[in-house]
Structures are given as structure tokens and as C-alpha cells.
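Overview (structure and organization)
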There are 2 protein chains.
Amino acid sequence: MTATASSPEGVTPSGEDQAEFDFSSYLAKTRELVEQSLDAALGPERPESLRESMRYSLLAGGKRLRPILCLAACELVGGDASLAMPTAVALEMIHTMSLIHDDLPAMDNDDLRRGRPTNHKVYGDAMAILAGDALLSRAFEMVAVRSEGVPPERLLKVVAELSLVSGAPGLVGGQVVDLESEGREVDLETLEYIHLHKTAALLRACVVTGALIGGADASQVDAMRTYANGIGLAFQIVDDILDVTASSDVLGKTAGKDLIADKTTYPKLLGLEPSRARALELVAQAKAVLEPWKDKAQPLLALADYVASRDR
Amino acid sequence: MTATASSPEGVTPSGEDQAEFDFSSYLAKTRELVEQSLDAALGPERPESLRESMRYSLLAGGKRLRPILCLAACELVGGDASLAMPTAVALEMIHTMSLIHDDLPAMDNDDLRRGRPTNHKVYGDAMAILAGDALLSRAFEMVAVRSEGVPPERLLKVVAELSLVSGAPGLVGGQVVDLESEGREVDLETLEYIHLHKTAALLRACVVTGALIGGADASQVDAMRTYANGIGLAFQIVDDILDVTASSDVLGKTAGKDLIADKTTYPKLLGLEPSRARALELVAQAKAVLEPWKDKAQPLLALADYVASRDR
């Protein structure tokens, strides 16, 4: 059983939209550009062992949803997506860094990630910690050193977003509460706190920074925040659902992990079907924000559906 | 036996300079300002456990040499030091972050730092990793979000410096080579590579970012780099000497650690007295760069001597 059943009519793009906009081709094309940029981003790292460890996790595949959201948001507000690519790469670096650190034995102690042994299983704990640290620093370097053609005041706002999302107000804060919640009864409020910080915050940073680089005004940035809050929580609910319904083979990471670790999840708290309903409701709310953009919003509309209907 | 014997005449400021410039009062006053700013910098961190862990290490005392160098460099080129304070705090956050991570059992496995149990001994490995991560992100936040009154293009250059020094081209790269060198015969070139990356690079970032915020031109920034390269290596040589000659009680960290871990050090490679001579030579070279600034260079001249003559 997979989660593809969770895409009823009215949530997937209508037939008309699909005729105008080929999402799977958009996704494949953009993902290919992102892969190329990720590959090119890690060049001169020394020593070689550190570079290998960084590349191992950064180039491990994955949906590349975060960089794609960033590029799509930049284009939505009329920007040139290529100007947002260094930031898109930075966001994937931050995401990868948080995965490497979260997987460590001292934290979630995960052996499998994206279908391969986790970074510390291959390179050891010390190198995994340092590769994560280096990827975080490198993310800021991408924005501050490697984003030619973007005005400094926009880049500084991007740095601000990245600094907030990667630290205590974002990923780190969420991970701390997550670790402290293990084995405890957790209410919906705490669960949403964890996911807003661990998942939604980074997805929000993706569309906000993309929009900032594209020259968005304050109200456009606000719309991006609202959009991202919806898909961010939906993303995590689907993640929890997949953890229950999909196999490790499909996921490329250890399935059922949340149950084993006695973590609170949406299916456990709300039940499986109500969790699906809540994900779809959140996606619908996110899409509603994009109405003023009409056809230009097609990539972000389709990405919202993609978040709710993905099966891995 | 302490290393205070390593301050012969001609290296300490002359009698005349000392009459005009009271270094110990300058140091005490500036350090107090830095302590206040560090204390104020960590306010809204959540959850409380994370905030405690971050504060524990950030406010553990220490010489605060790095922030003071930053403020002094800003003033040297005619800037208002208060504008550089958020960056000075950021540099101490990056320094603290690297200490927390380097002390972890997976790396140097140190129990004692600045006279107190290391972060992971108090808060556990997971929290120590996350507190380090959060301090690094917070450093960038200090510059990008909390540096009012400084032009964005200067702040972006500061972000660039911090991203390079904290990552593979700086602290992380140095730590990787350091870890890989343990138990091996290491030549002087490798030893200097480690120290240039682990120590000198951050001291350089201190004076360079301070100068950038103060509005330095390219040649002034270059002079700061040369100054910092000299005191950076001298600093590490003195560190190695103290590791041999001082007690754990004085150092506030485990003395003799380098010998126990079979690390290559300057005293081991060059001998104790030749190491002292090399430190003094490097400090003299650093000071020579400051000549054009005459009296305005007094704080940085005295700081260079301080690096060579400190006993902890």
C-alpha cells in the first residue's frame, strides 16, 4: 500500500493545466540542472577525505525538492532562476548537513539514508560531524561568495533567512525538541512545533529566499511564507504516513523507525485517514495563496500536489 | 616554569608607548564590553536546554582575544568599534563552536575546557553537536540580522570571510588534517598547514572583518592579513609550548594532551627554545606591518606581544 491513494480529484492539477504545463518534464529538467550545480559546487575542498565525505551525502540523489522550490519561487516573482541557483544549492547543503548530523549515533542513530549507508557509517563519526559543519559553512559561502549578479542587499537577506532556519529558530531547535520528545507522550502542539522547525521552516526558507533573489516585495514574500507553511506541514504528515505504509526498500531509509523509537507521529495521533485529510487540506490552503499569479504559479501549484501525493 | 620568560626587550612595547597606552586597562575594558555583548547575544534561543548548552560554552570566560582583535582592527582603520561588535561576537561564537565539536569523544575526546567540564560532559554528545551547530548559524545571524548601521556590501564581505574560515578552507579543514595526523610522523609543512587552518585563519578573519566593517581599502585589508598570519602561527607555537610547560590548573584544559595523543607539536619538532624564537620572530614580522599607522596601531601592537607572552 502506498500513499498515491491520497490524490483525489480537485487536488491534482486539472486536465487543462496539465495540457499547458508538463510537470514531470519540468521536474526532471530542473532536477538535472540542480544536480549539475551541486556537482560543480564542491570543487576545491581539502583535504580529499573531507571532500569525499561531503560529496557522498550531497550527491546521494534525493528529490531535490528544496532547491527546486527555491528556483520556482524566484521565477514566480519574475526573477531569473539561474541567479537563485547558488542559494538553491546552499539550501540543499543545509538540508544534507542536518541529515548527516541527525543520523549520528548520538542522535537518531540511523544506518540508512537515501538507500545508502549513512555518512558516519562510511566515514566515521568525526568526519560526519565535520562534513556537516563544512556543508553549513559552505552554504553561506555559496550565497556570499558565489552569487554573482545579485544585489548585496538581497543576498544579505538570504543569509539572514539561512542563518535563522539552520539554527535554534529552525532545524536545530526542532531537532532538540524532537530528541527530548522521544519515548514521551507528545501532544499535537508539540508535534507541530517539531515539524514546523525541522521541516516547514526549511521549505519556507526555500521559497522565501528564491523570491527575495527574484526581487519580491514584502507582500509577495509573505505569500511565499504562507504557501510554505501549508506544504511544510503537509510534507511532514506524508512523511509520517509513508513511515507506516511504505517499505524501507521504497523509502531508501529505515521505515517504521518512528514507531520503533516510540516517536509521536500524525498517524499515531490522528489516525491514518484523518492524517491524509489534514495533509490535503493544508495543500489546498497553500495553493489558494498562489491564485493572484494565475498560470505563472503552475510549478509551485504542481509542487504542492507533489508534496501530498509522493510515495517516497 | 611558564612562558612569560619569552618576552625579551624589544618585543614588548617600549617604555614611551606604554606611557601613552595602558594595554592592561584597554584589555580589561574591551573584554568587559565583549562579555556584555556575548551575554546579550543569546536571548531568545529555544528550547531552554539548547540555550543553556550554548551559553555554557559561550560564556565560559576565556581571553576573548578574537573579538578584541576584531574591534581593534575596526578602530585601526578609523571605524566605530561598536559597529563591529556583532561580528566580534560572531567570531567568538565560531571559535566556541569549533571547541565544542573538537572536544567531542568522536574527535579529541577532551573532558576539560577553560577550567570546566566540556560541553558534551555536561549536556551529552547530541546536545553538544547541536549547540555547536546553532552557534555557527547564530554567528551568521549576528552579521546578517543584528549589525544595524553597517552597509550591506560590507556585511556580505564579512559573511564571506566567516563562511570561508569556519569551513573546509579554515577550521574544519585544519581539524580533519589534525585528526588524520594523530599518531603519525608529521613534517613542519603539515604542522603549519594544521595551525594556519585551525588557528591563524580565524585570527586573520578577526582583523580582516573588523577592518572591513571599519571601511578598510584593499591594501589595508592585505596588511591585516599579513599581521594575522604572523600572530596566528605565533599563537599556536605558544599554545604548543604551554602544553609542555604549564600545568592543567593554569591552562584550564588538559595539559600534556598533545603528547599523550602523540600529536606533532613545535617543541617536539624544533625544540623548546627554537620554538620560542620562532614565535618572537613571527610577532616581530606582524608588528612591522603596522608601522604606517603609528600610534593608532598601539592596541594591535600590544595584542601581538600579548599573543607571544601569554602564560595560558
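What counts and how
Residues numbered from 1 in each chain as written. Chains lettered and ligands numbered in written order. Predicted model: local features only at pLDDT ≥ 70, side-chain atom pairs only at ≥ 80, totals over all residues. Heavy atoms only, no water. Helix = DSSP H or I, 4+ residues; strand = E, 2+ residues; numbered from the N terminus. Contact = heavy atoms within 4.5 Å. Areas by Shrake-Rupley, 256 points an atom, 1.4 Å probe, with all protein chains shown as cover. Buried area = accessible area lost by both parts, 1.4 Å probe. Salt bridge = Lys/Arg side-chain N within 4 Å of Asp/Glu carboxyl O. Polar contact = N/O pair within 3.5 Å; in protein donor to acceptor, adjacent residues only side chain to side chain. Least-squares fit on C-alpha atoms with pLDDT ≥ 70 in both. Buried < 20%, exposed > 50% of the residue type's maximum accessible area, 1.4 Å probe, protein only. Patch = residues over 30% accessible without salt bridge, like charges linked within 9 Å, V, L, I, M, F, W, Y side chains within 5 Å. Expected span 1.5 Å × (residues − 1). Bend = angle between axes of the 7 residues up to and from the residue. Phe/Tyr/Trp six-rings, centres within 6.5 Å; stacked < 30°, edge-to-face > 60°. pLDDT = per-residue confidence, 0-100. Axes fitted to C-alpha atoms, helices over the stretch in contact; angles between N-to-C directions. Parallel < 35°, antiparallel > 145°, perpendicular 65-115°, else oblique. Left-handed = near helix turned anticlockwise from the far one by under 90°. Nonpolar A, V, L, I, M, F, W, Y, C, P; charged D, E, K, R; others polar.

All right, on to the overall build of chain A then. When helices and strands are tallied, chain A shows 16 helices and two strands. Sequence separation of 24 or more characterises 75% of the internal contacts of chain A that already satisfy a separation of 6 or more. Put simply, chain A shows about 11700 Å² of open surface, and 51% of that area lies on carbon and sulfur atoms.

Glancing now at the interface of chain A and chain B. Counting residues at the interface gives 42 residues for chain A, matched by 42 residues for chain B. Taking both sides of the interface into account, the surface hidden between chain A and chain B amounts to around 3300 Å²; carbon and sulfur atoms contribute 79%. Looking at the side of chain A facing chain B, the largest losses of area belong to Leu130(A), Ser137(A) and Leu156(A), adding up to 16% of the total buried there. Inspection of the chain A/chain B interface yields zero salt bridges. Put simply, chain A and chain B have six residue pairs in polar contact (both at pLDDT 80 or more) between them. Listing elements by their share of the side of chain A that touches chain B, those giving two or more residues are α3 (48-58), α5 (81-102), α7 (125-145), α8 (152-166) and α9 (171-181) of chain A. Ranked by residues supplied to the side of chain A that touches chain B, first place goes to α7(A) with 13 residues.

Here we take up the relation of the copies chain A and chain B. Superposition record for chain A on chain B: RMSD 0.0 Å, screw rotation 180°, translation along axis 0.0 Å. Within this description, the copies of the chain are treated as partners about a two-fold rotation axis. Of the residues that chain A buries at the interface, 100% are likewise interface residues in chain B, meaning the two copies contact each other through the same surface.

A few words on the environment of Thr30(B). Residue and element names in this part refer to chain B. Along the chain, the position of Thr30 falls in helix α2 (residues 23-41). Take Thr30: its relative accessible area is 7%, and that puts it in the buried class. Taking the C-alpha atoms as reference, Thr30 lies 9.3 Å from Ala72; in sequence the two are 42 residues apart. When sequence neighbours within four positions are dropped, the list of residues in contact with Thr30 reads Ile68 and Leu71. Looking at Thr30, its side chain comes within polar contact range of the main-chain oxygen of Tyr26, at 2.6 Å.

Right, let's get into the side chain of His95(B). When you line up the elements, His95(B) lands in helix α5 (residues 81-103). Not counting the four nearest positions on each side in its chain, His95(B) is found in contact with Arg66(B), Arg114(B) and Leu202(B).

Another point: a nonpolar patch on the surface. The grouping of Leu188(A), Leu269(A) and Leu270(A) at the surface amounts to a nonpolar patch, some 200 Å² of accessible area in total. Assignment of secondary structure puts Leu188(A) in helix α10 (residues 188-213).

All right, on to helix α10 (residues 188-213) of chain B then. All names here are of chain B. For α10, which comprises 26 residues, the first-to-last C-alpha distance of 35 Å matches the rise-based estimate of 38 Å (1.5 Å per residue) to within 8%. At Leu196, α10 shows its strongest bend, of approximately 45°. The element α10 is extensively covered by neighbouring structure, given that 19 of its 26 residues are classed as buried. Directly after α10, the chain includes Gly215, whose backbone phi takes a positive value near 90°.

Here we come to the environment of Pro47(A). One can find Pro47(A) in the loop between α2 (23-41) and α3. We classify Pro47(A) as buried; its relative accessible area is 14%. Once the C-alpha coordinates of Pro47(A) and Lys294(A) are considered, the two residues, 247 residues apart in sequence, prove to be 49 Å apart. In contact with Pro47(A), other than residues within four places in its own chain, are Gly173(B), Val176(B), Val177(B) and Glu180(B).

Moving on, we get to the packing of aromatic side chains. Describing an aromatic ring pair means giving the distance of the ring centres and the angle of the ring planes. A complete count under the given rule lists eleven aromatic pairs over all chains for this structure. With a centroid separation of 5.9 Å and an interplanar angle of 65°, the aromatic rings of Phe23(A) and Tyr306(A) are classed as edge-to-face. Taken as a pair, Phe23(A) in helix α2 and Tyr306(A) in helix α16 (residues 298-309) lie far apart in primary sequence, 283 residues in all. Tyr306(A) carries the same exposure label as Phe23(A), and that label is buried. For the ring pair Phe21(B) and Tyr26(B), a centre distance of 5.5 Å and an interplane angle of 50° mean the geometry is tilted.

Now for the side chain of His195(B). Assignment of secondary structure puts His195(B) in helix α10. In contact with His195(B), not counting residues within four places along its chain, are Ala200(B), Leu233(B), Gln236(B), Asp240(B) and Tyr266(B).

What follows concerns the confidence of the model for chain A. Residues and elements named next belong to chain A. Chain-level pLDDT for chain A is 89 on average; 88% of the residues reach the 70-or-more range. Throughout residues 1-18 the model reports pLDDT below 50, and contacts reaching past four residues in sequence, or to other chains, amount to 26 contacts. The ipTM for the predicted assembly is 0.90, set against a pTM of 0.90.

Another point: the pattern of salt bridges. All names here are of chain B. Scanning the entire structure with this criterion turns up 34 salt bridges over all chains. Linking Arg55 and Asp39 is a salt bridge whose minimum nitrogen-to-oxygen distance equals 2.5 Å. Of the two residues, Arg55 sits in helix α3 (residues 48-58) while Asp39 sits in helix α2, which places them 16 residues apart along the sequence. Relative accessible area serves as the criterion here: at 38%, Asp39 is assigned to the partly exposed category.

Turning to the packing of helix α4 (residues 65-76) of chain A against α16(A), a few remarks are in order. A pair of packed helices is captured by two measures, namely the crossing angle of their axes and the spacing between those axes. Residue and element names in this part refer to chain A. Viewed as axis vectors pointing N to C, α4 and α16 meet at an angle of 155°, and their least axial separation amounts to 9 Å. Between α4 and α16, the crossing angle belongs to the class labelled roughly antiparallel. Both α4 and α16 take part in a crossing whose hand is left-handed. Every residue of α16 that contacts α4 at Leu65, Ile68, Leu69, Ala72, Ala73 and Leu76 is listed here: Pro299, Leu300, Leu303, Tyr306 and Val307. Looking at the contact of α4 with α16 residue by residue, the classes come out as eleven nonpolar, no polar and no charged.

Residue and element names in this part refer to chain A. Between α2 and α5, the shortest axis-to-axis distance is 10 Å and the interhelical angle comes to 75°. One finds that α2 runs roughly perpendicular with respect to α5. Contacts between α2 and α5 involve Leu33, Val34, Ser37, Leu38 and Ala41 on the former and, on the latter, Met85, Val89, Glu92 and Met93. In the contact of α2 with α5, the residues fall into seven nonpolar, one polar and one charged.

With that out of the way, let us pick up the environment of His195(B). A relative accessible area of 8% places His195(B) in the buried class. For the pair His195(B) and Pro105(B), spaced 90 residues apart in sequence, the C-alpha to C-alpha distance is 21 Å.

In this section: unusual backbone geometry. Unusually for a residue other than glycine, Arg64(A) sits at a positive phi of about 60°. Structurally, the position occupied by Arg64(A) is in the loop between α3 and α4.

Turning to helix α16 (residues 298-309) of chain B, a few remarks are in order. Given 3.6 residues per helical turn, the α-helix brings residues three or four places apart onto the same face. Residues and elements named next belong to chain B. Here α16 is twelve residues long and its end C-alpha atoms lie 16 Å apart, about the 16 Å a rise of 1.5 Å per residue gives. Taking burial as the measure, the twelve residues of α16 include ten buried ones, the bulk of the element. Those residues of α16 that fall on the buried side of the exposure criterion are Gln298, Pro299, Leu300, Ala302, Leu303, Ala304, Asp305, Tyr306, Val307 and Ala308.

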